[in-house]
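Architecture at a glance
If you want the building blocks of each chain, they are given just below.
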Amino acid sequence: MISGVSAAMYIRRKRWWLAFHRTAGLLGSGAILFGAGAAVSMVALSLGEHFRIGHTYLGAATAVCAIAVPVLGFFQFKAGVRSGMIRAMHRWSGRFTLLIAFVTILTGLWLIGIF
Ligand code: HEM
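So, a few notes on the structure that sits alongside this text. (Residues numbered from 1 in each chain as written. Predicted model: local features only at pLDDT ≥ 70, side-chain atom pairs only at ≥ 80, totals over all residues. Heavy atoms only, no water.)

1. Concerning the side chain of His21
Looking at where His21 falls in the secondary structure, it is placed in helix α2 (residues 17–45). A relative accessible area of 17% places His21 in the buried class. Among the polar contacts listed, one links the side chain of His21 to the backbone oxygen of Gly4, at a separation of 2.7 Å. (Helix = DSSP H or I, 4+ residues; strand = E, 2+ residues; numbered from the N terminus. Buried < 20%, exposed > 50% of the residue type's maximum accessible area, 1.4 Å probe, protein only. Polar contact = N/O pair within 3.5 Å; in protein donor to acceptor, adjacent residues only side chain to side chain.)

Below, the structure is given as C-alpha cells:
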C-alpha cells in the first residue's frame, strides 16, 4: 500500500503510474483484509471474545478503510460532476488509511511485547 501511494505521489509522469498504483493498492488492501480475517479466526479459536481492546477497533477501522479507499478510487471515474469530490475523498482517505494501518501495526506489536 505504501508503494501504491508513493507511485501516486512521486511518479505521476510515468505512463504506467495508475496501473501500478491500482495493483499495489489492491494488493495492500488484500493483505490487510487477509490479516484481519486471520486475526478474527485466531480470536475465535482461542479466547472467543472479540473486540475487547483498542487495537481490535483500530484493526476493524483499517479493514473498513481498505475496502472504502479502492472503491472510491474506481468510483471517481464514474461519478460525473461529483468526480472531483470523490477524487479528494479518495486522496484523503488513502493517506488516512496508511496512517491508521501504521498505528494498528504498532499497537499490535506492543500487545505481543515487541516494544
Ligand atoms: C487501498 C488502495 C489505494 C490507496 C491506499 C490509494 C491511495 C491514494 C492516495 C493517497 C492518492 C493521492 C496521492 C497524492 O497525490 O498525495 C491517490 C491518488 C489516486 N488514486 Fe488511489 N489508492 C488506492 C487504490 C486506487 C484504485 C483501486 C484506483 C482506481 C483506479 C485509484 C485511483 C487513483 C487516482 C486516479 C488517483 C489520482 C487522483 C488525482 O488526480 O489526484 N486508487 N490514491
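Okay, back to it.
2. As for the site of the ligand
Around the ligand, the surrounding shell holds 22 residues, and the nearest of these are His21, Ser29, His90, Arg91 and Arg95. Between the ligand and Arg95 there is a distance of 2.7 Å, counted from an oxygen atom to a side-chain nitrogen or oxygen. Of the pockets mapped on this structure, the ligand occupies the second largest pocket. Sorting the residues of the shell around the ligand by element identifies α1 (2–10), α2, α3 (54–75) and α4 (83–111) as the ones contributing at least two each. Ranked by the residues each element gives to the shell around the ligand, the list is headed by α2, at 6 residues. Residues belonging to the shell around the ligand are distributed by class as follows: 10 nonpolar, 7 polar and 5 charged. (Near = heavy atom within 4 Å. 1 Å grid on protein atoms, 1.4 Å probe; cavity = no way out; pocket = protein on both sides within 12 Å on 5 of 7 lines; lining within 4 Å. Sits in = over half its atoms within 2 Å of the grid points. Nonpolar A, V, L, I, M, F, W, Y, C, P; charged D, E, K, R; others polar.)

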